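Survey of secondary and tertiary structure
Next come the chains, spelled out residue by residue.
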Amino acid sequence: MRCSYLRCLPLLLLVMLASSSRSLRAAEPGAVTLVEVKRIWDKAPHNAFTDLIRFQDRWYCVFREGSAHVSPDGALRVLTSVDGDTWESAALITSENSDLRDAKITVTPAGQLMLAGAEAINKPTTHRHQSLVWFSDDGKTWSRKHEIGDPDNWLWRLTWHKGEAYGFGYGCKPDNRGIRLFHSENGKSYETVSDQPAENGAYPNESALLFLPDDTCYCLLRQDAKPDKGLIGESHPPYSDWSWKTLPVRIGGPQMLQLPDGRFLATVRLYDAPRRTSVCWLDPKTGDLTEALKLPSGGDTSYAGMVWHDNLLWISYYSSHEGKTAIYLAKVKVPLNP
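About the cut-offs
- Each chain has its residues counted from 1, following the order in which its sequence is written.
- At least 70 in pLDDT is required for a residue's local features to be given in this predicted model, at least 80 for side-chain atom pairs to be given and counted, and no such filter applies to totals for whole chains, interfaces and linings, which use all residues.
- Derived side-chain values reflect all non-hydrogen atoms in the structure, with water molecules and hydrogen atoms excluded from consideration.
- We treat two strands as partners when DSSP finds at least two bridges between them.
- Only DSSP runs of H or I with at least four residues qualify as helices, and only runs of E with at least two residues qualify as strands; both kinds are numbered from the N terminus onward.

1. Considering the sheet that holds strand E23 (residues 288-294)
If you trace the five strands from one edge of the open sheet to the other, you get E1-E23-E22-E21-E20, paired in mixed fashion. Here the strands that pair on one side only, and so sit at the sheet edges, are strand E1 (25-26) and strand E20 (251-258). In terms of strand pairing, E1 meets E23 through two bridges, oriented parallel. For Arg25, the partnering residue across the bridge sits in E23 and is Thr290.

In C-alpha cells, the structure reads:
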C-alpha cells in the first residue's frame, strides 16, 4: 500500500534535514583484528557480489560469476565447506537469456535454503530487470526460478523475521528511483509494505535489514548520485513508517549484524582513497560510522556476507587487489563487551 505524504517524505528531504557535517571516525587500533583471510574462488574471469550462511553445520558462500563486472553471461555459483578452509562447488545457476546478479542466501522458516538474485535481461521487451528466488534442501539441487517483487524493481537482499521475509527493492529506471519495502509469508509471493520516492537526483538502492528482538527494524542503505551519503533507517511494525539518519560517508554493498553484546557491525565499501572493503562500527541511533578494520581489498571490491560463529566474525567478500577479481573469506576477532 502507498503511505501518505507525511509518512513518505522523499528520502532526499530526510537527508537534508539530517546533519551532514560528520566524518568517518577511526577506531582505536587493535580493537578488531584480522585472524586470517584466504582466497576461496577465482575460477571465472570475474567473481563478485557474495553472501555467506551456515546451514546444517556447513558453510555456504554464493556469488556471481561472469566474463566481466557486467556481462550477458552472469551465473550464480554456490560453494560449500565443512570447515571454512576447503571449498567445493555445490551448484551453478545459469540463464540462457539474462545476466544473473547479486546472489543472496537465507534459510526459510521451513528449513530450506533460499537463493535470491536478479536478472538483467539481455534482450528486454517489456522490462529489463526481474528479481528471482530459488529453493533447495541440500544446496545442490535447486528449484525452478520464481519471479518476485515488481519488474524493474531490484529486490536486493531478503531478511527473515518471525516467519516472514522482508526486503527493500529499488527502482531501476531513471524516472523511478525510489525504494519499496516488500514482505512475504512464503518467500514466493510479495506485497508492498512501504513505498518511498526519491526526488531531485537522489538514488537510494542497495540495502541491508536488521531486526531486533523487540521487532525494531534498521535499514542500512546505499545512495548514489547526489546526495550520495549512506542512510540508516529505523522502523517499527508494520514497517510502513521510516525515520532516516545520514551517515558521514558514501557506502556500497552494505551488510550488517548485531553482536551478542548488542553492538552493530557493518561491512561496506568505502570510497575515499584507497577504495576498500572495511568492517565498521555503526551506531543506528546517531548515524555514526567508525572504521574498525580494513580488509585486504582494493579496486573492484565489497558485497560482503557476515556470520557470527564460534566467537569470530566470518566475512565473505570480493576484491581485485591481487589483480584478478576473486572471492575471499576473512575471520575477524571482535572483543565483546562484558
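2. Focus on unusual backbone geometry
Both trends apply: most residues other than glycine have a negative phi, and most peptide bonds are in trans. Cis rather than trans, the peptide bond between Lys226 and Pro227 has omega equal to 0°. With respect to the helices, strands and loops of the structure, Pro227 is situated in the loop between strand E17 (217-225) and strand E18 (231-235). The residue after Ala273, namely Pro274, is reached through a cis peptide bond having omega -10°. With respect to the secondary-structure elements, Pro274 resides in the loop between strand E21 (264-270) and strand E22 (276-283). The phi dihedral of Ala225 falls on the positive side, at around 60°, and the residue is not glycine. Tracing the backbone through its elements, the reader meets Ala225 in strand E17. Phi is positive for Asp310, close to 50°, though the residue is something other than glycine. Turning to its location among the elements, Asp310 is positioned in the loop between strand E24 (302-309) and strand E25 (312-319).

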